[in-house]
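What the coordinates show
Each chain, written out:
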Amino acid sequence: MAVSKEILDKINESIDIVEVIGDFVTLKKKGHYYSACCPFHNEKTPSFAVTPAKGIYKCFGCGKAGDAIRFVMDIEGLSYIEAMRYLAKKYGIDIPEGPTKDVDFHKQNERESLLIVLQYAKNYFQKILQEHDEGQSIGYSYFKERGFSDSTIKKFDLGYSLEEWEGLFKQAVKEGFSIEMLEKAGLVVRKENANDKNSVRHYDRFRARVIFPIHNVTGKVIAFGARILKTDKSQPKYLNSPETEVYHKSKILYGIYQAKQSIRQEDNCFLVEGYTDVISLHQAGIENVVASSGTSLTEDQVRLISRYTINITILYDGDIAGIKASMRGIDMILEQGMNVNVVTFPDSEDPDSYVRKLGGEEFKKYIKASKKDFISFKTALFLKETEGDPVKKAGVIREIVESISKIPDAIKRAIFFKQCSALMEIEEQTLISEYNKIVLKKNQEKKHEDAPPPDLPPDFFNPDYELFQEEKKPEMTSIEAHEREILRLIINYAPIKLEESKRLYEYVLEQVEDIDFHTDIYRRMLEMVKSEHDNGNLPDKGFFIQHNDEKIRNEAVDMLVSKYDYSPNWEKKFKIFITKEEDNLAEIIYSCVLKLKKLNVMFLLEQNKEQLKNNPSEEEQIRLMMIYTNLKKVDMELAKMLGNVISK
Ligand code: ZN
């Protein structure tokens, strides 16, 4: 079911980009724009800017740019329609229920189709768990044994897959899902017969397993984790969906959808290892918990948590060797400016077993009493093993200082130096000089890097900055510059009418009908203008900013913050009077089109000259000369129209 145009318009009208982005990052007002540290890449000084007047954002570090809808799509990993649903919800606009399986798959994009298939599979596994004999006797009783209540089973959409090769496969195909989609969603495995290439069979990936659906931040099922219950040495205990268009293991945390609100409220996120840890804690009333499910924590996952809190508490399983192995990963969390606390459990206990033993309230008390900040925890852990061995101790000191050096905040660093010096019984100054060595070394390495990072424009949205922008693209040929300028005018002023019935872009389309744009991206953009027009749509900034092609999107954003922007500071600074572009639009587009035409004629004349130089046949020579004469005529006419003096 498509969302109607009226509703999309209504959502578009409600959007306040500062509000939308402000839900994810802290924006600071700077004159007529807002800045922040970019949520899409790692940085310590802000290069992410939002201009509310134009409804766009741009990061000068990683290049991400777009409007509020694009922002929601990128940060939450949503499709366009999903992002619109998100925004509708935010602004209290009613949208009819989402697409169901009888949607025409060809119309929907692939991502959306995958989500639909995955949703179907989730329902299928749930149904098997609840209604099938095998699901009940094996799956359901396993969950009950673990102490999961019915409402917990429902909250996490838990399910069961039958011990059959084609259980889900047959059912889904019968209901009209394509084999291709089932395969792409990672639900079905394709097997070719080695002897007979034409013989291909498909079978269920998950068989005889309890199913843990993995949700994205907005609650859509994007993958499954599955645990086998039989003891079968040939099968892995846990099996996960493969990476797909919608599932990137390193970017998601298990339980984030169910936990995010509580993480924000508690201003803390518990990090555990397994699905059952997450679920048991939830059931005990501790909801701010997620799992990295087996993999070591990635930067993307830390960034995901940092949208909701800067405090992470890692709940470790008992095993010391495992704890030590994961230590290096934690430096990365420190690097992102987050506070890390650590809790360990008595031997042979994990968060799941321990919370079931103690109950929620006691468990919370235990955490409160036994949590240590990561640095002191690490120091104590390593020191234990170095007793009486000064060489080992020196190594530990370096190791700890290395961790502290990752903390971006100087005050926090100072506190840790003090604490560690007490713990390790060494002079604080020793730690600090060790720290200085590390910093010095890092800076030297930085100097030797081949290409230094490009200097970011200090203040792109500052009106004065726009002066430099012209110099920034010296490589742009004149033709390219004019092609760009024409598209810039279209994107900025698509709805504006030049005359009674003619819009600016309609005028342009008429005028440039027989000109081939030289620059690939502008030629493509012009084609889009034309096809939007042919389809009765307005090729406005929204169309380009929301375009699927990132190159097109970024180009459009750049065009919206272009050098001709009116800015009062120019006048003051240079004592010149600048009229608003809007007031002069007809004249501007008229002369721009003429100039582009003239440049094209000059280009053809050049070409013609080259061809004449290449000793053409007499016949060809005559033909070229005629073309030359005609071109020259057009050139002079255009020059006259431009009011220029004819040179030579
Ligand atoms: Zn960025």
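Everything that follows concerns the structure shown earlier in this document.
Residues numbered from 1 in each chain as written. Predicted model: local features only at pLDDT ≥ 70, side-chain atom pairs only at ≥ 80, totals over all residues. Heavy atoms only, no water.

What to know about the pattern of salt bridges
Using the criterion set out here, one finds 37 salt bridges in the structure. Arg 70 is the partner of Asp 74 in a salt bridge, and the nearest nitrogen-oxygen pair spans 3.4 Å. Of this pair, Asp 74 and Arg 70 both sit in helix 3 (residues 68-76), four residues apart, roughly one helical turn. Given a relative accessible area of 24%, Asp 74 falls into the partly exposed group. Notably, a salt bridge pairs Asp 635 with Lys 598, separated by 3.3 Å at the nearest N-O pair. With Asp 635 in helix 28 (residues 618-641) and Lys 598 in helix 27 (residues 585-613), this pair connects stretches of sequence that are 37 residues apart. Each member of the pair, Asp 635 together with Lys 598, is buried. Ionic contacts of the salt-bridge type, sharing partners, join the residues Lys 64, Arg 70 and Asp 74 into one network. (Salt bridge = Lys/Arg side-chain N within 4 Å of Asp/Glu carboxyl O. Helix = DSSP H or I, 4+ residues; strand = E, 2+ residues; numbered from the N terminus. Buried < 20%, exposed > 50% of the residue type's maximum accessible area, 1.4 Å probe, protein only.)

Focus on the pairing of strand 9 (residues 209-215)
Counting buried positions over the seven residues of strand 9 gives seven, a clear majority of the element. Relative to strand 9, strand 6 (residues 159-161) runs antiparallel, the two sharing three bridges. Counterpart to Tyr 160 in the pairing with strand 9 is Val 210. Judged from the seven bridges that link them, strand 9 and strand 10 (residues 221-228) form a sheet pairing that is antiparallel. Across the sheet, the residue bridging to Phe 212 is Gly 225, located in strand 10. Between strand 9 and strand 10, which pair antiparallel and follow one another directly, the connecting turn spans five residues, one of which, Gly 219, has a positive phi of 95°. (Pairing = 2+ DSSP bridges.)

Description of the packing of aromatic side chains
For the structure on display, the rule yields 28 aromatic pairs. Here Phe 40 and Phe 71 contribute two aromatic rings whose centre-to-centre distance is 5.6 Å and whose plane-to-plane angle is 70°, an arrangement assigned as edge-to-face. Taken as a pair, Phe 40 in the loop between strand 2 (33-36) and strand 3 (48-51) and Phe 71 in helix 3 lie far apart in primary sequence, 31 residues in all. Each member of the pair, Phe 40 together with Phe 71, is buried. Through a chain of ring-to-ring contacts, the aromatic side chains of Tyr 142, Phe 143, Phe 148, Phe 156, Phe 212, Tyr 238, Tyr 254 and Tyr 275 assemble into a single cluster. Note that Lys 90 overlies the ring of Tyr 91, its terminal NZ or CZ placed 5.6 Å from the centroid. Geometry around Trp 165 places Arg 207 over its ring, the cationic atom sitting 4.0 Å from the centre. (Phe/Tyr/Trp six-rings, centres within 6.5 Å; stacked < 30°, edge-to-face > 60°. Lys NZ or Arg CZ within 6 Å of the ring centre and 35° of its normal.)

Quick look at the coordination of the zinc ion
Protein-derived ligands of the zinc ion are Cys 38 (SG), His 41 (ND1), Cys 59 (SG) and Cys 62 (SG), with the metal-ligand distances lying across 2.1 to 2.3 Å. Geometry at the zinc ion is tetrahedral, judged from the four donor atoms that bind it and their angles of 100 to 118° at the metal. Counting residues between consecutive donors of the zinc ion along the chain gives the motif C-x2-H-x17-C-x2-C. In this pair, Cys 38 sits in the loop between strand 2 and strand 3 while Cys 62 sits in the loop between strand 4 (56-59) and strand 5 (65-67), placing the two residues 24 residues apart along the sequence. A relative accessible area of 36% places Cys 62 in the partly exposed class. (Donors = N, O, S within 2.8 Å, 3.2 Å for Na, K, Ca; no water. Tetrahedral: all angles 85-135°; square planar, octahedral: opposite > 155°, others 65-115°.)

A short note on the environment of Val 50
With respect to the helices and strands, Val 50 occurs in strand 3. Placed 14 residues apart in sequence, Val 50 and Ala 36 show a C-alpha to C-alpha distance of 8.5 Å. Discounting chain neighbours no more than four positions away, the residues touching Val 50 are Ile 17, Val 18, Ile 21, Leu 27, Tyr 33, Tyr 34, Ile 56 and Tyr 57. (Contact = heavy atoms within 4.5 Å.)

Here's the deal with the nonpolar core
Grouped together as the largest cluster of nonpolar side chains are 104 residues, with contacts concentrated most on Leu 187 and Tyr 254. Among the elements that line this core, the one with the most residues is helix 5 (residues 110-131), at 11 residues. Counting residues in each nonpolar core, the second largest holds 38 residues, with Tyr 507, Val 512, Met 525 and Leu 526 among its members. (Core = buried A, V, L, I, M, F, W, Y, C linked by side-chain atoms within 4.5 Å.)

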